[in-house]
Amino acid sequence: MGGSSPCASCKLLRRRCAKDCIFAPYFPSDDPHKFAIVHKVFGASNVSKMLQELPIQQRGDAVSSLVYEANARVRDPVYGCVGAISYLQNQVSQLQMQLAVAQTEILCIQMQQESTQIHQDDKPFLLPTYNNLDTISQYLNSASSSNIVIQDPPPLKRESLWT
């Protein structure tokens, strides 16, 4: 940095920030925690070596990855990022299984509805159910007491969920 305020790494390491400090562009002085966590997990010397081996255009992404991995290591010292990835993969697998079950249930319901519609098309009258049994018997009683001729109901429209 070479200016008035040293970068976060030079501040933490208590050294003078040189003009060509490799850390300065990636660890600004206003975010000291970012370097502190990377330094705690990887060490300043190792981070410096990694950054020097990379082309300048890839260093920003490398620092982001190092910060992410360092945060994951602090949260989970044994597994780090791998633990987070495994957790998310398990969650995806469970959700895929739930989705497959839901799709199967939808397909079963659609097949039942289609089967019911086919059976209704084959029969001239609807079968009485518990709910409409009284209504049908009243209709038949009134029809038999008068000279009304009972006609077949109009055919049901067949609808499909697939079209």
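Computed from a predicted structure; not experimentally measured.

### Some remarks on helix α2 (residues 32-42)
Then comes step 1: All of the buried residues along α2 are F35, I37 and V38. Here the buried residues of α2 occupy an arc of 165° about the axis, which is enough to place them on one side. Along α2, exposed side chains directed more than 90 degrees from the buried face belong to H33 and K40.
Then comes step 2: Looking at the buried side of α2, the elements it contacts are α1 (8-13), α3 (44-53) and α4 (56-75).
Then comes step 3: Just past α2, the residue G43 takes up positive phi, approximately 90°.

### Brief notes about a nonpolar patch on the surface
Then comes step 1: Together, V78, Y79 and V82 line one region of the surface with nonpolar side chains, adding up to about 330 Å² of accessible area.
Then comes step 2: Tracing the sequence through the fold places Y79 in the loop between α4 and α5 (81-122).

What counts, and where the lines are drawn
- Residues numbered from 1 in each chain as written.
- Predicted model: local features only at pLDDT ≥ 70, side-chain atom pairs only at ≥ 80, totals over all residues.
- Heavy atoms only, no water.
- Buried < 20%, exposed > 50% of the residue type's maximum accessible area, 1.4 Å probe, protein only.
- Helix = DSSP H or I, 4+ residues; strand = E, 2+ residues; numbered from the N terminus.
- Arc of directions from axis to C-beta.
- Contact = heavy atoms within 4.5 Å.
- Patch = residues over 30% accessible without salt bridge, like charges linked within 9 Å, V, L, I, M, F, W, Y side chains within 5 Å.
- Areas by Shrake-Rupley, 256 points an atom, 1.4 Å probe, with all protein chains shown as cover.
- Salt bridge = Lys/Arg side-chain N within 4 Å of Asp/Glu carboxyl O.

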